[in-house]
Amino acid sequence: MGLDLNFKTDADPERIDQAREYLEKRYSELKNRGKKLSKERLLVYLALGLADDYLQSDIRLSLLQDRIDELVNKIDSPEADK
């Protein structure tokens, strides 16, 4: 994305590379949509898109966890032994 960043992390370098590649792909997709937007706007749209993806994933994860809890409760209930 044309930015040079340095930071410290305990994350595996491969994980950082995967995250960088993912961000660069999403950034390129936004940039190639044909509109002339500033880098700042593109980065804001990228951040909003990623935040929305995260929130939707968090909702799905919560629903799946609720469903798993229901199934475990059914398995653990005394009626399941019959």
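All of these numbers come straight from a predicted model, not from anything done at the bench.

(A) Layout of helix α1 (residues 13-31). Given a rise of 1.5 Å per residue, 19 residues ought to cover 27 Å, and the 26 Å separating the end C-alpha atoms of α1 matches this to within 8%. Residues of α1 that are buried make contact with α2 (39-76). N-capping of α1 is provided by aspartate 12, with a side-chain oxygen placed 3.0 Å from the backbone N of glutamate 14.

(B) Seen up close, a nonpolar patch on the surface. A cluster of nonpolar residues, Leu37, Val44, Tyr45 and Leu48, forms a patch on the protein surface that exposes about 360 Å² of accessible area. Along the polypeptide, leucine 37 turns up in the loop between α1 and α2.

Criteria and thresholds
Once a new chain begins, its residue numbering starts again from 1 and follows that chain's sequence as written. Thresholds applied to this predicted model are a pLDDT of at least 70 for local features of residues and 80 or more for the giving and counting of side-chain atom pairs; totals over whole chains, interfaces and linings are not thresholded and use all residues. Hydrogens are left out, water is left out, and the side-chain values use all remaining heavy atoms of the structure. Each helix is a run of DSSP H or I of at least 4 residues and each strand a run of E of at least 2, with the numbering of both proceeding from the N terminus. One fewer than the residue count of a helix, multiplied by 1.5 Å, yields its expected span. Every residue pair with non-hydrogen atoms within 4.5 Å of one another is taken to be in contact. Under this definition, polar contacts are N or O atom pairs within 3.5 Å; protein pairs additionally need one hydrogen-donor-capable and one acceptor-capable atom, and for neighbouring residues in sequence, both atoms have to be side-chain atoms. A residue counts toward a patch only above 30% relative accessible area and without a salt bridge, and it is joined to like-charged neighbours within 9 Å or, for Val, Leu, Ile, Met, Phe, Trp and Tyr, to nonpolar neighbours within 5 Å. For the accessible areas, the method is Shrake-Rupley and the probe is 1.4 Å, while residue cover comes only from the protein chains on display. We count a salt bridge whenever a side-chain nitrogen from Lys or Arg sits within 4 Å of a carboxyl oxygen from Asp or Glu.

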